Each structure stands twice: as C-alpha cells, then as structure tokens.
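Inside the fold
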Amino acid sequence: MSETLRIVSAALLLLAAAINLVRRQWALNILALGLQYVCVFLVILEVRSPLLAAIKLIVGLMVTLMLYMTLVSSGLIESLLVRRRLSSGEVFRGTIALLLVLISILLSPVLQQSAFPQSSQLLLTASVGLIMFGLFQMGTITEPLYLVIGLLTFLSGFELLYASLEFSRVLEALFTAVNLSLALIGCFFIVKDVESRSA
Amino acid sequence: MNLLTTPTIWIFLPVLFSLLLILVHRLHKLSVWIVCTISLLLAVVAMIFPQNLDLRLFGRNFLFDDTFLILNRALIITGTELKTVAMLYLFSFLWNIAGMRFSVSRWFPTISLTITALWVSALAVEPFLYAALIVELIVLISVVLLTPRGEQAGSGVMRYLVLQTIALPFILLSGWMVTGIESAPSASTLILRGAVLILIGFSLWLAVFPLHTWLPMLADKTHPWVFSFVFLMQQSGLSIFLLKVLDQFAWLRNLNGVFPAMQWVGVLTVLAGGVLASMQTKVNRILAYLILIETGYSVLAIGLISQGGGEALALSFLPRALAYLQYAYTLSSIQQIAPEIDGGFPSLRGLFTRLPFHSMSLIISLLSLLGLPALGLFPARRMLWNSGAGLTLHYTPLLGLAVAGMALFILRLMDTLLTTDPNAPSPTLTAQGEESIWQILVLCFFTLLSLLVGIFPQVFLNPFLGILEPFIHLLPSS
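Residues numbered from 1 in each chain as written. Chains lettered and ligands numbered in written order. Predicted model: local features only at pLDDT ≥ 70, side-chain atom pairs only at ≥ 80, totals over all residues.

Quick look at the overall build of chain B now. A tally of helices and strands in chain B yields 21 helices and five strands. Taken against the 2.2 N^0.38 rule, which gives 23 Å for 478 residues, the C-alpha radius of gyration of chain B at 22 Å falls within 12% of a compact globule. Evaluated residue by residue, chain B yields a buried proportion of 55% over its 478 residues. Pairs at least 24 apart in sequence give 80% of the contacts found in chain B among residues at least 6 apart. (Helix = DSSP H or I, 4+ residues; strand = E, 2+ residues; numbered from the N terminus. Rg over C-alpha atoms; globule rule 2.2 N^0.38 Å. Buried ≥ 20, exposed ≤ 12 C-beta atoms within 10 Å, placed from the backbone. Contact = placed C-beta atoms within 7 Å.)

Set out below in structure tokens:
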C-alpha cells in the first residue's frame, strides 16, 4: 500500500476520533466510529497481512452495527441531515481535539526513539492519537454511548500499537472477545438509559 | 487434542455449564442449585485431587495432563495450583447457596460461575500476562451484575469500567517491554519502565488509594451481595496473580524498592480505608471501605513477603471471605426484611430492638474484619502487624490509626443500632416484620464459624497455606 494512502488513512482516523469527541449527534458518531475502524484496518496493514487485519475490520464493523441497531431501536436517533449549530462546548472540545492531534504528532518520534523502535512514526501517531482521544472522551463524558465510543477508541489505539509489537492468535481472539463484549455492554447501557428516561 | 486435562475440568466444563444455564436462567432456583452443585463439586474435587494428577478411579488409572494447548498458547493448572482453584469455587458455592433468598439479578448464578471459571483461566493462561485481557472480560461481565435493576448505569460502574480498562495496556506493555531482559543489569531503564508499568496496572486493578474513588460510589448503588462477591473474587484473584508475577519475573522481585513501595502502598491504602470509614454514615458504602482496607492488607502482605507476609495472605483468604459473606448477608437480609431501610444511620436507629440478631451479626462481621482476637482474621492480622512493626516503626502508628478509624465507625454504628430517638420514631421501629428462626440460625452459624476459625486457625486455615506452593521462586521454603 502506498505511503500516501496510509497517511490519508491515519489523518482520517484522527478526524473520525475528533468528530466523536466534538460532535454530539448519534448518527454522525456511529458513522465516524465505522470510518475509524476502516482506517484502523488500512493503517494496520503495515504490520499485518490483509487477512489478519480484516479481523479487526470485521469486528469493528460488527461493533458499530450493534451500537447502531440499539440506537435505532431506542427511537432516539436523529437523521444525519439534521443541522445544529456548534455549541460552546463543541468549540472547546474541537480546540482540545486539535491539541491532541498536535501532541500525538509531536510525541510519536520521541516514543519511537525511546520505547518502540520497531513501530513506524505514522502508526505511533495514529495509535497515540486514538489512545488520547479515547482517554479524553472517557474522562469528560458519562453518557453511555460516548463512554463506550471512548473505550472502543482507546482500545483501538492500543490494539494498533500492540499489533506492531507482538502477534499472537490467542491475543487476537481475546481482543475480539473484549471488543464485542464492550459493544454488548454499550448496548446494555444504552437500553438501560432509554428505559430510565421513559420511566 | 487431549481433553483429559485439568483446564478441561476447571475451566471449560464450568464455562460450558454457564452457557447451558443461559437457557434456564428464568428458573432462578434451578439455576442456583445447578451452580451450587457444580461449584461445590469442582471445589471438593480440586481439594482432594492427587497432586501428581494421577487419578485412580474404579480400579483404573487416569493420568491427567496439566496443560491444554490452544492456538500455540497454553492453559496450565498444575497439581499445586488446585488449592487456589478449590478456594475460588468454594467462594462461588457460598455466595450462590447463601444468596438464594435475595432478590439479586436472575443472571447471578450463571455469571458467578462464568466469573469463577474466568478467574481460574486468568491464573492458568501462559504467557501469564495475557491474563490482562481475561481480567478485562471479567470486568465487562461483572458490569451486568453491578448495574442496578431498573436504573441506568451510574457513574460508579462507569468509572470502574474505565479504570479497569486503562489498566490493560499497562500490564500487556510491561510484558512485551521486559521480554528476555532477565539477563540485563538490574538498573536497566527497561526494567524500571517495566516495573513501573506493571505496578501502575496493578494499582488500577486493585483500586488502591487514591484510585479507589469509584468503589464507594459503586457500593452505594449495587446490591451488597453482588458487590461483595465480585470484589472478593477480584481481590483474591489479583492477589494470587500478583504473587505469580513476582514469582515469574526475577527482575521485578530483585529490583530495589519494589517491596518497600508495595508496603507503603498497602499501609496508605489501609490508612485511607480506616480514616474514610470512620466518617461514613451509610452501611452500604462501608462495604467499599472494607474492600479497600482488605486490599491494603493484601498488598502489605505481599510487600512483606520475606517477613512472613505470604503466610498472612494465605491465612486471610477464608476468614476474609466469611466476614464479607456475613456482612453482605446480614445487610441484604435487613434490606429484604425492611426495604425502607436505605442503609443510612438515621434509618438504622434503634434497629437492635427489632432485629437483634441481624444487628449483632453486622457488628461481629465488622469486628472480625477489624482483626479482633478470637475472630477469623486475627491470626493473619497479628502476623502482619508484627512483621510490619519488626521491619520499621513507621507502619505501626499508621496501621493503628486505620484500626482506630474502623473501630470508631463500629462504635458509632453500635450507638446507632442501640439507641432510639424518642422525638422521631425511626421507620425501623414503626415497620412490621421479625427475624425468622431460619435467619437467626444462619446468622448464628456465620458467627460460630468466625469464632471457630479464630480459635482453631490450625484446623481451618492451615490447608490454605497450600495456595503458596506454586510460588517456588518467590517463597523457596513454602
């Protein structure tokens, strides 16, 4: 795969994570999560064969679909075409997102030199970016969907990093189980949230 | 594929039963009885299984393998590890049999059996740091139980999920970072990094001070029965896993400052638990501080491993579980008899006049966890206090303060239970309901058991010293 495509994938990956951090529109967030998993697949091709990388893609899309179906069944999802003005909170989170992207770009050469020499800078930028976006999301929001998206983003970032360090089939299987369980828990939280709202 | 292995019996079989139990989860009593039978059977078999795994049955010899290979990795349960396995299934049995009368989630039997099997697999997987992902799976499954029925997930359960997930990369990265560095000099930067990563990971998992903030929040919202089970299993599983890490990683246990750091973390966690408990006014939240204090003592025991801390840890598993069981049972029973009691001190005022045996049981379980002589935890506590004092005088006043904090809470609780407010009759006095003979018998049985364990520790607790046998590098003499 060409270097340009990989750079574009990494940039899209961070953009998708930034959208999930900044915007609070369920349909858009689910779409961004799906895009994030497609980009993870493209970036991870650097260290994995297409067949093995496809596992992460399939699992990611399944996770996205599970969350989407739950949101649809809750009846609270808005159309993608609904336009809303940016709130001050979103502007603040947007600034934070830019800062996080900048930090991940600046941090990756240092990390490569000091801790992960076998990982490429691009992969490190993408993984560190995802980890930071995930952490920020988890640390600032308690709404179930966003918390689960934060956790999934954090785990995706770590999986990306770990893929460049070690390969084990058992580990892949366990990561798959964790991701799917996390999505199930996300659906469980969303259903509980909707039930308590309607009660 | 060889199926005549120990992991087949103690991991795959219970997982298979858990999956089958999903089909009958609506039949709560049936699920509970099946889980109780399986758990007890697995615990007893693990306890009496020959250490060489050569089982003679009906005149035939069955030689079990301790290794089950899966995708080029292994699940290993050796003969010496079966005591730990027996202990975990014993806990599962106790919580299912005694909890039958409480209205906890109907998924409790199924999930508790799965959690137990997963803890066994976390302790059996090789490379053992892969257990981080199994622990994450346990956390995810536990969340279903910890979320209260009919309510949305609270911030406690979310913080629990987040912090436990954050621990995962620390553990996995540490394992990768230190692969093959056993021969490197001890001052190597990699070793330091690996040690820091692994200790941060365990701190997050164990929720030591100051990473414990979610514990009281969670205890406040969760049924005490579920909360005590999930965190007893987590505390016991992680303590043994930490011993395993120290046993396998020579670079970690030989690193200067690791054990003193663990001692300080343990002491400060005990102190924080004791001091915070002294100010509490809700008995539900106290369960969180009890877990915090016990975590502190476990970490302290591992920190004092060369001063007899290992024995203290092994001797504390059973009495600690019994004390949690008694406290959670009593609390759950009180809330079942009188649902208007929310656990706050005002609602408990004068409870002794209405539920005397429950009130006494609550106090006795707390005294047992305090380490009162003649009660279950005293032998382990005495060993730890002596070992700590023998090493340095710094720990004694801090541990004393923690004990004083807990004792202060118990005195306040006793005062609340015994005294009534003449101006405003509390709901405990106005409501109807009495203790049944059966409930009194169960509470007396718990108290008697705690006394027997405290008075005859050599009978009840010495078998638990076998839990330390697998750690031949960390405890060469065990």
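Moving on: the overall build of chain A. Along its length, chain A carries seven helices and zero strands. The linear arrangement of helices and strands in chain A, starting from the amino end, is α-α-α-α-α-α-α. Relative to its length of 199 residues, chain A is compact, with a C-alpha radius of gyration of 17 Å against a globular reference of 16 Å. Taken along the three principal axes of its C-alpha coordinates, chain A extends 55 × 40 × 25 Å. Scored against the burial criterion, the 199 residues of chain A give a buried share of 42%. A fraction of 70% describes how many contacts in chain A between residues 6 or more apart in sequence connect residues 24 or more apart.

This brings us to helix α8 (residues 214-221) of chain B. Every buried residue of α8(B) is listed here: B:W214, B:L215, B:P216, B:L218 and B:A219. Looking at the buried positions of α8(B), the neighbouring elements they touch are α5 (131-146), α6 (155-177), α9 (224-248) and α12 (283-303) of chain B.

Before going further, it helps to spend a moment on the sheet that holds strand β3 (residues 67-70) of chain B. All names here are of chain B. With antiparallel pairing, the three strands of this open sheet are ordered in space as β3-β4-β5. With one partner strand each, in any of the chains shown, β3 and β5 (125-126) form the two edges of the open sheet. The pairing of strand β4 (residues 73-76) with β5 spans two bridges and is classified as antiparallel. Each bridged residue has a counterpart across the sheet, and for A74 the counterpart in β5 is E126. (Pairing = 2+ DSSP bridges.)

A word on the pairing of β3(B). Residue and element names in this part refer to chain B. As judged from the four bridges shared by β3 and β4, these two strands associate in the antiparallel manner. When the bridges of β4 are listed, F68 appears paired with L75. Counted between consecutive antiparallel strands, the loop separating β3 from β4 contains two residues, among which L71 sits at a positive phi close to 50°.

With that settled, the discussion passes to the packing of α6(B) against α8(B). All names here are of chain B. In the contact formed by α6 and α8, the axes pass within 7 Å of each other and the chain directions differ by 135°. Relative to α8, the element α6 is oriented oblique. α8 is crossed by α6, and the crossing has left-handed handedness. Counted together, S155, G156, V157, R159, Y160 and L163 of α6 and W214, M217, L218, D220 and K221 of α8 form the full contact between these two elements. Considering only residue class, the contact of α6 with α8 consists of six nonpolar, two polar and three charged. (Axes fitted to C-alpha atoms, helices over the stretch in contact; angles between N-to-C directions. Parallel < 35°, antiparallel > 145°, perpendicular 65-115°, else oblique. Left-handed = near helix turned anticlockwise from the far one by under 90°. Nonpolar A, V, L, I, M, F, W, Y, C, P; charged D, E, K, R; others polar.)

Residue and element names in this part refer to chain B. Turning to its location among the elements, Q234 is positioned in helix α9. Of the residues examined, Q234 has 22 C-beta atoms within 10 Å and is grouped as buried. Between the alpha carbons of Q234 and F259 there is a distance of 22 Å; along the sequence they are 25 residues apart.

Before going further, it helps to examine the interface of chain B and chain A. Each partner contributes to the interface: chain B provides 23 residues, whereas chain A provides 27 residues. Elements that contribute at least two residues to the side of chain B that touches chain A include exactly α5 and α6 of chain B. Here the side of chain B that touches chain A is composed, by residue class, of 15 nonpolar, five polar and three charged.

This paragraph deals with the domain arrangement of chain B. Residue and element names in this part refer to chain B. Under the domain assignment used here, chain B contains domain 1 (1-126) and domain 2 (219-468). Centre-to-centre, using C-alpha coordinates, domain 1 lies 27 Å away from domain 2. Listed as interface residues are 18 residues of domain 1 and, on the opposing side, 20 residues of domain 2. Of all the secondary-structure elements, those providing two or more residues to the side of domain 1 that touches domain 2 are α3 (82-98) and α4 (108-124). Per-class residue counts for the side of domain 1 that touches domain 2 are 13 nonpolar, four polar and one charged. (Domains from an automatic or database assignment.)

With that settled, consider the packing of helix α2 (residues 28-48) of chain B against α4(B). Residue and element names in this part refer to chain B. Remark: α2 packs on α4, axes separated minimally by 9 Å, with the N-to-C direction vectors making an angle of 25°. One finds that α2 runs roughly parallel with respect to α4. Listed contacts from α4 to S31, V32, V35, I38 and S39 of α2 are P109, T110, S112, L113 and T116. Classifying every residue of the contact of α2 with α4 by side-chain character gives five nonpolar, five polar and no charged.

Moving on, we get to unusual backbone geometry. All names here are of chain B. Looking along the chain, the bond that leaves E126 and enters P127 is cis, with omega of 0°. Along the polypeptide, P127 turns up in the loop between β5 and α5. Cis geometry is found at the peptide bond from F209 to P210, where omega equals 5°. Structurally, P210 can be placed in the loop between α7 (189-206) and α8. Positive phi values are uncommon outside glycine, yet F58 reaches one of about 50°. Of note, the phi angle at L71 is positive, near 50°, even though the residue is not glycine. Taking the C-beta count within 10 Å as the criterion, L71 has 11 such neighbours and is therefore assigned exposed.

Now for the environment of A:E172. All names here are of chain A. In this fold, E172 is placed in helix α7 (residues 169-198). In this structure E172 comes out as partly exposed when scored by C-beta crowding, with 18 C-beta atoms within 10 Å. For the pair E172 and I55, spaced 117 residues apart in sequence, the C-alpha separation works out to 8.5 Å.

A few words on the confidence of the model for chain B. This prediction gives chain B a mean pLDDT of 90; 95% of its residues lie at or above 70. Listed scores for the predicted complex are pTM 0.93 and ipTM 0.93. (pLDDT = per-residue confidence, 0-100.)

Bridge analysis of strand β1 (residues 54-57) of chain B against strand β2 (residues 60-63) of chain B gives four bridges, and the strand direction is antiparallel. Residue B:D54 lies in a different strand from β2(B), and its bridge partner there is B:L63.

Residues and elements named next belong to chain B. Looking at the secondary structure, you find T165 in helix α6. The exposure class assigned to T165 is buried, which follows from the 22 C-beta atoms found within 10 Å. Measuring from C-alpha to C-alpha, the distance between T165 and F12 comes to 25 Å, with 153 residues separating the pair along the chain.

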